[in-house]
Amino acid sequence: MNIKELAENIGLEKEEYLELVELFVETGKSDMDKLQSAIDEKNVEKVATASHSLKGASGNLGFEEIFEVAKKINDEALEGSLKGTPESAQVLKEKLNAIASLLLPDTNIYIK
Amino acid sequence: MEMKKILVADNHPLMLKYMTNLLEKRGHEVLTAQDGLSALDILNDFIPDIMFIDLIMPNIDGKKLCKIVRRMPALKHSYIVVLSAIAAEELEETANLAEIEADAYIAKGPFDKMGKHILAILNRSDQKASTGHPGEIIGLEDIHSRQITKELLSARRHSKGIMENIDEGIMEIACDARIVYVNSAAVSLSGISEEKLLASNFVNIFHEIQRQELRALLESNKPSLQVFTKDSPALLNGKELELRILPLKEEGRKSIVILKDVTEEKKRDVQIQRALKMETIGTLAGGIAHEFNNLLTGIQGNASLMLLNTVSADPDYKRLKNIEKMVQDGSTLTSQLLGYAREGKYQVRSINPNKLVENTSDTFGRTRKDIAVHKELAGDLFMVEADQGQIEQVLLNLYVNAADAMPGVGSLFLKTTNVTYKDIGTEHHRPKPGNYVKLVVTDTGNGMEEKTRKRIFDPFFTTKEIGQGTGLGLASAYGIIKAHGGYIDVESEKGKGSSFKIYLPAVKAVVRDQGTVIREEHLMGHKTILLVDDEESVREVSQELLETIGYNILTAKDGKEALEVYKKYRDTIDLVLLDMVMPNMGGSKVYDRLKEMNPGVKVLLSSGYSINGEATEIVARGCNGFIQKPFSFKDLSQEIKKILNNGQ
């Protein structure tokens, strides 16, 4: 699937789409940082906040897979659980990196 | 479509970017804000035609932002669109659209769908007449599947429920001191509505004189500061508050403020302090009065003895009479002190308080014809258990004070009513449950200032000129009422007169006989009396007095000696005159030992203190009588005669 198609799916021009994806990856990176430290601190509320942000943004851009994973983390956190969270966070990270390398090959905003 | 002014408030940069692109491309003017507080900043000088507001935002969330905006007159015609993923869920769940007060709702979702709804709304908002009725939800069918369970929502409501139900006020304030969250306790403590509190400066809700200190406190950002404590509380809405400021480390210099109302607690502290002070002074006053009464007994006795040998034509006769008179005055003073110390003579019986008011007001009316006395006495008044003389003293004291407060002319209002303990003011007292009789003495005089009112019952406090008042009148009134299990209060305002209120516990009526009247001439006897007193002067003068009227006297200087003497002469001794307070062995113990030796022993107790407490107990154990020092020649001989005549 090419970028133009992805952009059209969501009703945007290619350029605008890329601009938004870049913003998405940037904020996603900072959300992932927050998510990671929240997991380390076992802070359920912070996990919920960070995953909520990821969930919303991925939903906006139509990144269904990221949306589903973020939603899973968010739902669990709202129930007070962090059981599956570390694994889900790992999946999220990979998917975000995949999008970055696919859509923004010229930048190096990857998540370690 | 004409160009519109638009404000978008959302905490996600992606959403802001998208909305800006979408709307600017169509020629609209767009401003964005990442939280509620910055949105409000923008709204200070930007009047948008339409606002898109995210529900979940830091620093004042969307719901509250809507509420505030709805109350800003400048934004009366602005169209509000709520934009949130949670909107549909929560709205569906609670079905309470009116609470959010938006004109329309757009569920968040993929940009293409959202975009369509947003543009549709833009057209629609043209015909808008904001009526405040709940708007419609748009885009519900496009939302990603999300089965938020009821449990999730209830979990969120749980913590919200805690915040809303605790007594302490909680406020969250941003780094610039503006309030971004308040719970309902904070709203009621401050007396300011939530919409007004949010986004206003935390410091400015407090009293002017404390703002500087609060500002410095917030800026210092030290952890867990509790600077406004019970001793130096913050002033807000007429309340005294303890403040605790907890800086939140992680969230960019925000702070949580905990407000605790200590107004009532402080009132109680004042009550306790006041009670302690009165106790301490009472003990002191009682001690002094006791010593003084011993001295007066000596003086009185010596004067009486000299009078016995002096004919009335003698130039010294009048002087000796004067000494007796002055001793009487001195004794009145000490009895007031004892009254305050709750140590005075205390002869209780059931009486109708109306009678006390009648008696005293008649007496008073005769001496102060310039004062008009108005009485309003309840017909079915409860009885009280009281010492008639003492309560009359209290009332007369109040009348005299009232008269002094209205020189020349004025009115005195006396009122009696039945009340219950619930009607007693709780500023100074915590009344025991039950019925009370309320006696009110009101004057139309000068009244007094708050400062005076607070100290009015303190001993030696007087506003009269030196020599005019002892400062003991109201203090003894206080002590006497207290000793009767009652309460006394005063209400007054400068220039508006004063009103003293006395509450005495009501009892079921049992009227006892007033006692036998005894002839007033000196009563001569020929019996033997053992005189026990540690004060040599009292011993000497009493001995001489009693010998003068024909008694044989044995003396003992303390309890031990008294028992020895009694053992030796028990068959000759007809009566023991026993001092209550003595070193080593007190009157109470001596009495018990005497009783062991001879169950029929006759004992007359004497004390510079009162019949309260210990003395009452001894009388209850069968002791024959009590006489208060300083006793007059007449009183003593009457009392002795009464006991000796009994059972003969």
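Keep in mind that what you see is a predicted model, and the values were worked out from it rather than measured.

**Side note on the overall build of chain A**
- On a plain count of helices and strands, chain A comes out with five helices and zero strands.
- Counting from the amino terminus, chain A carries its helices and strands in the arrangement α-α-α-α-α.
- Among the 112 residues that make up chain A, the fraction classed as buried is 49%.
- When contacts within chain A are restricted to residue pairs at least 6 apart in sequence, those whose partners lie at least 24 apart make up 55%.
- Accessible surface for chain A amounts to roughly 5,700 Å². Of this, 50% is attributable to carbon and sulfur atoms.

**As for the pairing of strand S1 (residues 5-9) of chain B**
Residue and element names in this part refer to chain B.
- With four of five residues buried, S1 is to be regarded as a mostly interior element.
- Relative to strand S2 (residues 29-33), S1 is paired through five bridges, and the arrangement is parallel. Across the sheet, residue Val8 finds its bridge partner in S2, namely Thr32.
- Following the backbone out of S1, through helix H1 (residues 13-24) and into the adjacent parallel S2, one traces a crossover that is right-handed.
- As judged from the four bridges shared by S1 and strand S3 (residues 50-54), these two strands associate in the parallel manner.

**Some details on unusual backbone geometry**
Residue and element names in this part refer to chain B.
- For the bond running from Lys629 to Pro630, omega is -5°, close enough to zero to count as cis.
- The backbone of Asn59 sits at a positive phi, close to 45°, despite the residue not being glycine.
- Structurally, Asn59 is set in the loop between S3 and helix H3 (62-70).
- Here Asn59 falls in the buried class, since its relative accessible area comes to 15%.
- For Ala177, which is not glycine, the phi torsion reads 75° and is therefore positive.
- Structurally, Ala177 can be placed in the loop between strand S7 (169-173) and strand S8 (179-182).

Criteria and cut-off values
Sequence order as written defines the numbering, with residues in each chain counted from 1. Ligands are numbered from 1 and chains lettered from A, in the order in which they are written. In keeping with the model being predicted, local features are shown solely for residues with a pLDDT of at least 70 and side-chain atom pairs are shown and tallied solely at 80 or more, while totals for entire chains, interfaces and linings include all residues. To obtain the side-chain values, all non-hydrogen atoms of the structure were used and water was disregarded. Secondary structure is summarised from DSSP: a helix means a run of H or I of at least four residues, a strand means a run of E of at least two, and numbering begins at the N terminus for each. Exposure classes here rest on a 1.4 Å probe applied to the protein chains alone. A residue is buried below 20% of its type maximum, exposed above 50%, and partly exposed in between. Any two residues whose heavy atoms approach within 4.5 Å are treated as being in contact. The Shrake-Rupley method, run with a 1.4 Å probe, gives the accessible areas here. Residue values count only the displayed protein chains as cover. Any two strands with at least two DSSP-identified bridges between them are counted as paired. We call a crossover right-handed when, viewed with the strands running away from us, the connection from the first strand over the helix to the second turns clockwise.

Honestly, that's just the spatial picture; any functional story needs more than this.
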